[in-house]
Amino acid sequence: MNAAPPAESGAPVSAETAAGVIEQAEAARRKAAELRAEWLETRDLIAQAQKEADLGHLLQAVELAERARRQGELAVAQAEREAEAWQRRVVR
Amino acid sequence: MASKIKVKVKLKGDVAEVKSLMLHPMETGSRKDPDSGATIPVHHITELTFLNNGETVMAVHCSTAVSRDPFFSFSFTGAKAGDTLEVRWVDNKGESDSVETVLG
Amino acid sequence: MLRPAFCRLLLLCLAAILSLPALAGPEEDREAFRAYFSQRFPDVPLDEYVNGIYALDPKAREQWLDIEQFPPYEFAVEQGEVLFRQAFANGGGYADCFDNGGIGIRQHYPRFDPALGEVVTLELALNRCRTRNGESAYAWDSDELVALSAYMAWTSRGKAIDVEIPDDPNALAAYEAGKRFYYSKRGQLNFACSDCHVTSAGAYVRADHLSASLGHPSHFPVYRSKLGRLISLHSRFYGCVRDVRARPFEEQSEEYRNLEYFLTYMSNGLMVNGPGARK
């Protein structure tokens with residue numbers, strides 16, 4: 001999937017910012033992975049974000065990394081919720 | 001290794017219902033190897049013939065539209081117990097295979 | 001003489017204790033599973049569930065019966081037999097690694113190995129047999145391993161699935177882990193196995209008609225028309241987990257082995273009818 005074209009608003013994204021978001025995304029992904037709850041495309045999104053960052057497309061990099069981070073966070077929340085929720089579905 | 005063509009025939013009066021399953025990759029030549037990216041070369045049956053007592057009862061010209069390990073089924077009249085049905089195919093590489101079965 | 005109020009209290013307590021549901025064990029789970037589907041599909045005999053969606057969808061069943069007249073898995077079963085009979089370089093064979101020489105024993109898998117503390121599937125046992133005898137292991141999704149599994153399933157056709165949970169806390173833990181996996185939502189689409197194969201069994205997900213989990217493991221490995229080859233149960237697990245957009249675990253991972261353990265136990269009593277054919 002392609003990132004959105006760069007928006008011409010606000011301050012430009014710095015390389016540090018992009019790196020930071022990518023790091024956060026990876027941390028979130030790792031947490032989800034530890035819970036055995038990682039989603040399908042999270043690591044691909046992070047890889048893509050890194051590629052874009054390496055090319056200097058920092059806005060795209062941040063957008064992709066934020067999506068990946070969100071996926072990681074949602075996956076963790078899902079796993080934590082399911083720790084109890086699964087019981088309710090058991091056929092009794 | 002067991003034969004690469006299987007054939008079963010059901011005789012009802014003088015009508016023979018033929019079913020045949022054959023192993024063949026039937027490569028279209030459009031697929032790419034998932035690891036190397038190289039195009040997998042064309043390799044499919046071109047002519048498939050069914051002969052009853054040496055007489056052609058079904059001739060099939062195959063191409064890329066037929067999928068892997070093809071299954072063919074058809075009926076023909078004028079069959080009787082003791083007839084010999086032969087199934088044979090030739091592919092684009094010049095390879096061939098055949099099998100015979102006796103009806104009834 | 002006891003006071004009437006006290007008598008009543010005593011009786012109430014006794015009634016409450018006697019009516020407490022026993023902590024559900026695997027047998028209770030299995031009975032509840034069967035009862036659920038009996039109630040959902042009252043016209044479908046329990047024995048039929050080994051035929052998956054063909055137990056629930058008459059039109060699909062017709063097409064499947066047509067295909068079964070000339071089963072596409074026959075070649076794999078034959079190849080499997082040839083492979084099974086081939087001796088290893090050290091002179092040993094698969095028959096040395098299994099009860100009854102490996103013939104007609106598929107219905108007892110997966111089994112729990114108390115010494116190793118883990119679930120051993122048929123595929124795992126086959127590969128371990130190879131490596132123990134100095135052969136290299138097959139890839140889990142290789143044609144060879146699947147053919148061997150198909151042959152062994154074929155020799156057990158008609159036998160009742162009979163998976164045991166030995167009196168070992170680790171065995172029960174593995175079963176429970178599989179059960180938890182089955183009922184837990186996962187992936188971006190937030191589905192549990194049960195969402196499709198219990199709650200929505202018989203319903204459609206896009207163009208696919210969902211089958212019930214009861215009977216699911218009976219017919220593996222399975223010939224997929226879509227793929228033109230046979231696949232293993234764990235290959236199917238992999239696909240399902242990917243389809244709900246979760247990162248899939250690898251074939252023969254602990255997760256899938258425990259899941260297979262739970263699922264197969266749920267189908268205890270139903271007939272092995274592998275290898276099967278599906279679209």
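Caption draft 1: Broad picture of the environment of Ala68(A). Residue and element names in this part refer to chain A. Inspection of the secondary structure assignment puts Ala68 in helix H3 (residues 58-85). With 27 C-beta atoms packed within 10 Å, Ala68 lands in the buried category. As a C-alpha pair, Ala68 and Leu55 span 13 residues in sequence and 19 Å in three-dimensional space. With near-sequence residues (within four places) excluded, Ala68 lies in contact with Ala25, Arg29, Thr42, Leu45, Ile46 and Ala49.

Caption draft 2: Structural context of the sheet that holds strand E3 (residues 45-52) of chain B. Residue and element names in this part refer to chain B. Judged by pairing direction, the sheet is antiparallel, and its four strands sit side by side in the order E4-E3-E6-E7 without closing on themselves. The open sheet is flanked by strand E4 (55-61) and strand E7 (96-102), the only strands paired with a single partner. Strand-to-strand twist across the sheet, computed as the mean angle between neighbouring axes with direction ignored, equals 15°. Summarising the sheet, strand E6 (residues 84-91) and E7 pair through seven bridges and their orientation is antiparallel. Note that in E7 the partner of Val87 across the bridge is Val99.

Caption draft 3: Expanded view of the arrangement of the chains. No other pair of the two pairs of chains in contact has as many contacts as chains A and C. One thing to see here is that chain A and chain B don't touch, and their nearest C-alpha atoms sit 18 Å from each other.

Caption draft 4: Quick look at helix H10 (residues 254-266) of chain C. Residue and element names in this part refer to chain C. Look at H10: 18 Å from first C-alpha to last across 13 residues, which is about the 18 Å you get at 1.5 Å a residue. The element H10 is extensively covered by neighbouring structure, given that 11 of its 13 residues are classed as buried. The inward-facing, buried residues of H10 abut helix H2 (26-40), strand E2 (118-120), helix H7 (169-183) and helix H9 (233-243).

Caption draft 5: How the structure looks around the sheet that holds strand E5 (residues 222-224) of chain C. All names here are of chain C. Strand order in the open sheet formed by three strands is E6-E5-E7, and the pairing between neighbours is mixed. Whereas interior strands pair on both sides, the edge strands pair on one side only; in this sheet they are strand E6 (229-231) and strand E7 (276-278). Ignoring which end each strand starts from, the neighbouring axes of this sheet average 35° apart. Where E5 and E7 come together, three bridges link them in parallel fashion. Counted as the bridge partner of Val222 is Gly276 from E7.

Caption draft 6: Region of the structure containing H9(C). Among all positions of H9(C), only Leu233(C), His234(C), Ser235(C), Phe237(C), Tyr238(C) and Val241(C) are buried. Count one or two residues on from H9(C) and you reach Arg245(C), which has phi positive near 65°.

Caption draft 7: Summary view of unusual backbone geometry. Residues and elements named next belong to chain C. Residues Tyr109 and Pro110 are joined by a peptide bond in cis, for which omega reads 5°. Within the element layout of this structure, Pro110 appears in the loop between helix H4 (74-85) and strand E1 (111-113). Cis geometry is adopted by the peptide bond preceding Pro221, which originates at Phe220 and carries an omega value of 0°. On the secondary structure map, Pro221 appears in the loop between strand E4 (208-209) and E5.

Rules and cut-offs
Residues numbered from 1 in each chain as written. Chains lettered and ligands numbered in written order. Predicted model: local features only at pLDDT ≥ 70, side-chain atom pairs only at ≥ 80, totals over all residues. Helix = DSSP H or I, 4+ residues; strand = E, 2+ residues; numbered from the N terminus. Buried ≥ 20, exposed ≤ 12 C-beta atoms within 10 Å, placed from the backbone. Contact = placed C-beta atoms within 7 Å. Pairing = 2+ DSSP bridges. Axes fitted to C-alpha atoms, helices over the stretch in contact; angles between N-to-C directions. Expected span 1.5 Å × (residues − 1).

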